[in-house]
Amino acid sequence: MTKPKTPIVAIVGRANVGKSSFYNAVVGQMQAIVAREAGTTRDSLMSKVNWKQHDFWLIDTAGVKDPEDDFEFTIQEQIYQAAESADLILLMTEAHVPISDEDRKIALIALKSKKPVLLVVNKIDQVKDINQIDHIKKVGIKEQFLISVTQRKGINNLLDKISSLIPKVEEAKDSSKVIRVALIGRPNVGKSNLFNALIKKQLAIVSKRAGTTRDVNYAQVNYHQQKIEFLDTAGIRRSGKIEVGIEKFSVLRTIQAIEMSDICLLLMESNQLNTQLDQKLAGIIKDASKGLIIVVSKWDIVENKDPFLRDNLAAEIKNTFDFVPWAPLIFTSSKSGQNVTKLFDLIIDISRNQKTKIQTSELNRWLEKVIYQHPPAGLKNRTPKLNYIVQEIDNQIPAFKIFGSNTKFIHWSYKRYLEKQLRTDFGFEGSAIELWFIEKHVTHKHGHSPTRD
């Protein structure tokens, strides 16, 4: 099947140079805490960005400081992760501050990675004459961009350059026919135990201490003549919960594992369900257009198992994850083996759903029916009209192009209605699907809708 990998762009640099402000300006949301105190950003933050039909993950890392203790050392490890995992590195400095040894150290790490590196000089609004900013030449990075995040200067030019350097998301055919499944979740929710139960080998170190798995472990098994490769990732911690000396924050590797996979198992411990981070991870998996199974692990440790407990918890989880209603929910125990085999069956079913193709004639009969049952309402006295629908033939997940007029006025609730009806009539359990709404008079480039939702 086809598996595009979205490039990763990491922002690195000293503390308090404006990395989080730049991240917020690009993403358009105040997701990172911005403060004058150096070192405010303790964890990496990530969002998927689309700029002129180029998708990429933008990663905001913690600022570099002297490793006075183990805690600061774990933060600095993110810089090394960025150099190792990112496809492009942005080193940010300040226009009004001389280049420091820290800047040169980060530049050296970035350049040694052999990845494209851009020097981003922020806060040019604090310099009287930008022609006198010659100290930045001492960093050793040829390509330099002068920006002011507060005044929105130079950001678009920088994004244009990023788009020209990162690889475009291309869908390469995978002749190996291997289904790749990533185990995703917070530390100590039982990923390594489930990984071992799935492959029936002790390849991962199983420990009750959170953070044992630091890198991605791989193992391939055969199930009913189907090759399945499992990826066991290091856990992601909640903001402010990185314990001293235990682990580096493995956001980059987790995103890599998600991008490399076809299907993700999102694990939650039975005694700690529905955390905000669990929801965030589900959102990242959805944005990456991957298959998803929500797994409640360690079901054997639950003491109060009244007849209605599972049904009540299932309803609560489904309500919390209502933005991915298509994701199946399963309760497992790696210790007893409960539902471990069922996971294999779900994985194969979801992989089959991801490859489902529907005849154009059948799709258009379906579209006519659902529009008759519930016509689209318009906005600003503009009523959308949907004429016909076709399915993309080479997308990694089921994707449908709906052609019509005034499509930009279609309300999000109607788009959700169409997706729900598609799933009701054609299935797609566990698989993300995409709906692209296209004006009939707009020339459509294969695979990229100019009005993509």
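Here the structure is a predicted model, which is why all the values come from computation and not from measurement.

What counts, and at which threshold
- Residues numbered from 1 in each chain as written.
- Predicted model: local features only at pLDDT ≥ 70, side-chain atom pairs only at ≥ 80, totals over all residues.
- Heavy atoms only, no water.
- Core = buried A, V, L, I, M, F, W, Y, C linked by side-chain atoms within 4.5 Å.
- Buried < 20%, exposed > 50% of the residue type's maximum accessible area, 1.4 Å probe, protein only.
- Helix = DSSP H or I, 4+ residues; strand = E, 2+ residues; numbered from the N terminus.
- Expected span 1.5 Å × (residues − 1).
- Arc of directions from axis to C-beta.
- Polar contact = N/O pair within 3.5 Å; in protein donor to acceptor, adjacent residues only side chain to side chain.
- Pairing = 2+ DSSP bridges.
- Axes fitted to C-alpha atoms, helices over the stretch in contact; angles between N-to-C directions.
- Contact = heavy atoms within 4.5 Å.
- Phe/Tyr/Trp six-rings, centres within 6.5 Å; stacked < 30°, edge-to-face > 60°.

Caption draft 1: Examining the nonpolar core more closely. Counting residues in hydrophobic clusters, the biggest one holds 54 residues, and the most contacted among them are Trp-57, Leu-91, Leu-266, Leu-292 and Phe-321. Among the nonpolar cores identified, the runner-up in size contains 26 residues, and Leu-183, Leu-198, Phe-230 and Leu-343 belong to it.

Caption draft 2: Highlighting helix H3 (residues 101–112). With 12 residues, H3 extends 16 Å from end C-alpha to end C-alpha; this agrees with the ideal 16 Å at 1.5 Å per step. Every buried residue of H3 is listed here: Asp-103, Ile-106, Ala-107, Ile-109 and Ala-110. Buried residues of H3, seen end-on, are gathered within an arc of 160° and therefore sit on one face of the element. More than 90 degrees from the buried face of H3, the exposed residues found are Asp-101 and Lys-112. Measuring from the backbone nitrogen of Glu-102 back to the side-chain oxygen at the start of H3 gives 3.3 Å, which picks out Ser-100 as the cap. Phi turns positive, to about 65°, at Lys-114, one or two residues after H3.

Caption draft 3: How the structure looks around the sheet that holds strand E15 (residues 434–439). If you trace the 3 strands from one edge of the open sheet to the other, you get E13-E14-E15, paired in mixed fashion. Edge positions in the sheet fall to strand E13 (385–391) and E15, since each has one partner strand and no second. Between one strand axis and the next, the sheet turns through 25° on average, direction left out of account. In the sheet, strand E14 (residues 399–405) pairs with E15 via 6 bridges, with the strands oriented parallel. Bridging from a neighbouring strand, Ile-402 pairs with Phe-437 of E15. On the sheet, helix H10 (residues 360–373) packs against E13 and E14 and is oriented at approximately 150° with respect to E13. Together, E13, E14 and E15 form the strand contacts of helix H11 (residues 412–426), whose direction differs from that of E15 by roughly 125°.

Caption draft 4: Here's a closer look at the packing of aromatic side chains. Counting across every chain of the model gives 8 aromatic pairs. Judged by centre distance (5.7 Å) and plane angle (85°), the ring pair of Phe-230 and Phe-344 falls under edge-to-face. In this pair, Phe-230 is assigned in strand E9 (residues 226–232) and Phe-344 in helix H9 (residues 340–354), connecting sequence segments 114 residues apart. For Phe-230, a relative accessible area of 0% translates into the label buried. Taken together, the ring pairs connect Tyr-223, Phe-230 and Phe-344 into an aromatic cluster.

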